[in-house]
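Here is what each chain is made of, one letter per residue.
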Amino acid sequence: MISFETAFQKVLHFTLDWGEEKVSQLQANGRVLTEDIKADRDFPPFDRSTKDGIAINFSGIEKGLDIFKVEGILSAGMPQQSLSSDTHCFEIMTGAVLPNNADTVIMYEEIEIEAQLANISKRPKKGQNIHSKGSDEVKGAVLVEKGRIISPAIIGVLASVGKSAVRVKKLPTVCVVSTGNELVEISEQPLPHQIRKSNTFSLIAALKKVNIEPTQLHLADDRQLIENELQKALSNHDVLMLSGGVSKGKFDFIPDALEALGVEKIFHRIAQRPGKPFWFGITEKQKKVVFSFPGNPVSTFANYHVYFLPWLAKSLRIETTKQSVFLDETITPHPTLTLFLQVKTKFEKGCVIAKLIQGNGSGDLISLAKADGFIRIPAGETEFKKGSLFSFIPCT
Ligand code: AMP
Ligand code: MG
């Protein structure tokens with residue numbers, strides 16, 4: 001059995017790279033950009049008015065004028081016009097192109113217009129209320145660097161530079177495998193000795209959140225069938241994510257079947273709770289990775305967040321920030337096991353405070369729904385006083 005720290009380092013050692021692909025701009029949300037996004041024109045592309053009002057040439061003000069003759073009305077979307085004289089003005093709307101020969105915009109609130117004459121009540125500053133051409137970015141400037149995770153704001157930038165498709169990091173193909181004779185489909189009425197599958201659905205939902213659409217497979221506890229089916233699943237996917245069948249039970253055939261298929265065991269069993277029997281392996285040649293989690297729902301769920309997500313982030317070269325929270329009670333660690341305890345967090349006076357959720361062991365799926373993360377309690381003998389700081393692994 002190895003420590004959590006060693007297991008974590010080993011998992012992170014086997015990161016992979018699945019190359020890149022082109023996806024449509026909206027599909028790119030949440031993906032990792034692999035090209036720089038450049039401005040295809042100046043931003044803004046023309047001097048634009050930032051107010052509804054009038055556009056004038058400031059030389060009129062310098063000559064002492066406070067009344068300007070309205071020459072016309074400019075709306076956003078109209079081509080550029082020319083102001084014929086510094087005694088004239090154009091009415092101009094927000095987003096409209098500033099006319100030639102104009103350099104200042106005065107908002108309606110500071111003028112009165114009567115009989116096509118605009119009367120100014122407040123002396124303007126030269127150049128006010130204009131968003132100048134190229135003042136945000138000039139043509140050719142890098143607006144979004146490669147390596148960034150595409151956010152809704154970046155989707156907007158892609159649209160504004162006319163990028164209907166972008167290059168992003170490819171995600172691994174994942175097969176989520178449930179195992180066990182006791183499991184039935186959610187639409188079925190379980191017999192007294194059966195339960196409905198649930199882990200697989202939590203995993204699928206969690207994977208969808210990171211834009212992975214996994215395939216699903218269920219295997220009965222039959223040694224030969226498991227080997228045959230896992231062989232196919234391995235050849236068709238980059239990652240196998242199993243739950244169940246890795247403990248010491250008489251029907252826990254997964255480790256044996258994986259090794260028979262040539263998957264190299266990196267470790268099996270970690271000094272942690274929940275999730276101790278986690279089996280992790282790779283095939284060096286085909287670059288496949290197998291996360292084989294124990295079947296108890298809390299074990300699977302904790303291990304997915306503790307190991308798989310950081311592994312995925314590192315594989316995609318995503319920078320992650322470690323989070324920590326203050327626990328609102330004194331806690332005694334386990335002498336030899338790293339504990340992952342379910343908590344619910346809240347903000348209080350600028351700090352994140354965690355409250356333990358009392359679960360009924362790693363089979364207690366229902367308590368998971370109350371938690372928003374796990375805290376990691378290192379093994380040891382000395383109790384941690386109320387207010388101690390612990391690493392936080394979010395799971396919402
Ligand atoms: P195992 O790791 O196969 O010994 O399973 C441990 C416990 O988790 C057993 O009570 C199983 O019934 C349960 N279990 C295994 N797989 C699933 C699953 N996909 N959904 C819900 N419970 C499961
Ligand atoms: Mg089982």
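Residues numbered from 1 in each chain as written. Chains lettered and ligands numbered in written order. Predicted model: local features only at pLDDT ≥ 70, side-chain atom pairs only at ≥ 80, totals over all residues. Heavy atoms only, no water.

We count it as follows: UniProt positions are given in the numbering used here, feature names are shortened, and annotations may be inferred rather than shown by experiment.
The protein chain is annotated in an unreviewed UniProt entry as Molybdopterin molybdenumtransferase from Pricia antarctica. Word for word, the UniProt comment on the protein chain under Function (unreviewed entry) is "Catalyzes the insertion of molybdate into adenylated molybdopterin with the concomitant release of AMP." The UniProt entry for the protein chain carries the following text under Pathway (unreviewed entry): "Cofactor biosynthesis; molybdopterin biosynthesis."

**Brief notes about the sheet that holds strand β20 (residues 279–283)**
Worth spelling out the cut-off: When DSSP finds two or more bridges between two strands, those strands count as paired. Each helix is a run of DSSP H or I of at least 4 residues and each strand a run of E of at least 2, with the numbering of both proceeding from the N terminus. A fitted line through C-alpha atoms represents every axis, and for helices the fit uses only the stretch in contact; the resulting angles, taken between N-to-C directions, go from 0 to 180 degrees.
Overall, mixed pairing links the six strands, which are arranged β16-β13-β17-β21-β20-β18 in an open sheet. On the outer flanks of this sheet lie β16 (215–219) and β18 (264–268), each paired with one strand and no other. Pairs of neighbouring strands in the sheet enclose a mean axial angle of 20°, with direction left out of account. Examined bridge by bridge, β20 and strand β21 (residues 288–293) share five bridges and lie antiparallel to one another. Bridge pairing links W279 to S292 in β21.

**Regarding the sheet that holds strand β5 (residues 67–74)**
Read across the sheet, six strands follow the order β7-β4-β6-β5-β9-β8 without closing on themselves; strand pairing throughout is mixed. Edge positions in the sheet fall to β7 (104–107) and β8 (111–114), since each of these pairs with one other strand and no more. Taking the axes of each pair of neighbouring strands and ignoring which way they run, one obtains an average angle of 35° across the sheet. One ladder, built from three bridges, connects β5 with strand β9 (residues 117–120); its direction is antiparallel. Residue pairing across strands places F68 opposite A118, the latter belonging to β9.

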